[in-house]
Amino acid sequence: MSTHDAVHEAPESEAPESGAPESGAPESGAPESGAPVRFDTKIAVLLREDLETWQRLNVTAFLVSGLGSQFPEIIGEPYEDADAVGYLPMFRQPVLVFEGTKETLTTVHARVLSRALPRALFTSDLFATGNDRDNRAAVRAVATADLDLVGLAVYGPKNAVDKVLKGARMHR
């Protein structure tokens, strides 16, 4: 069975959590060459399971777009190919993408808010807008409890992110 065939759930950790991570650094200093790099933070996106493919891609891109401006430590170094052509830097750690029902998004959103974790949201209203100003106005017009969530991004300590995502499954 491939990893895409398995149903994964966000693990629950027992360690205490806090809001925004302090360092975002790998857990144990500079790894030896070839050793896996492990991070003490997690970037996760939760998508509503009934979205069309183009919507999933669009929502994911929008959700993670704000993280680097708020947490510059999660951005790696610029890339360069063998011909010395430069490319923009990207996140220094993986982005894990989960999916769940509308009810799962509502539950996870409440958990994220109660733990004051850094977050981004995408509501169904944003599919009808065409710019940032209108996006912000669409969100501002709806009370927190009434938001029609189609996606959330969360960043924070691994254990805290795992706890808020309990019940979500890895995107397939």
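Here, the structure is the one placed above.
These numbers come from a predicted model, not from an experiment.

(A) Looking closely at the packing of aromatic side chains. For the coordinates displayed, the defined rule picks out 4 aromatic pairs. Taking 5.7 Å as the distance between ring centres and 65 degrees as the angle between the ring planes, the aromatic pair formed by W54 and F127 counts as edge-to-face. With W54 in helix α1 (residues 53-65) and F127 in the loop between β5 (119-123) and α4 (132-140), this pair connects stretches of sequence that are 73 residues apart. With a relative accessible area of 52%, W54 lands in the exposed category. Judged by relative accessible area, which is 26%, F127 ranks as partly exposed.

(B) How the structure looks around the sheet that holds strand β7 (residues 169-170). Ordered by their spatial adjacency, 5 strands build an open sheet running β5-β6-β1-β4-β7, and the pairing between neighbours is mixed. Pairing within the sheet leaves two strands with one partner each, and these edge strands are β5 and β7. Across 5 bridges, β5 lies against strand β6 (residues 149-157) in antiparallel orientation. Paired with T123 across the bridge in β6 is L149. Against the sheet, α1 touches β1 (41-48), β4 (95-100), β5 and β6, its axis set at about 145 degrees to β1.

Analysis parameters
Residues numbered from 1 in each chain as written. Predicted model: local features only at pLDDT ≥ 70, side-chain atom pairs only at ≥ 80, totals over all residues. Heavy atoms only, no water. Phe/Tyr/Trp six-rings, centres within 6.5 Å; stacked < 30°, edge-to-face > 60°. Helix = DSSP H or I, 4+ residues; strand = E, 2+ residues; numbered from the N terminus. Buried < 20%, exposed > 50% of the residue type's maximum accessible area, 1.4 Å probe, protein only. Pairing = 2+ DSSP bridges. Contact = heavy atoms within 4.5 Å. Axes fitted to C-alpha atoms, helices over the stretch in contact; angles between N-to-C directions.

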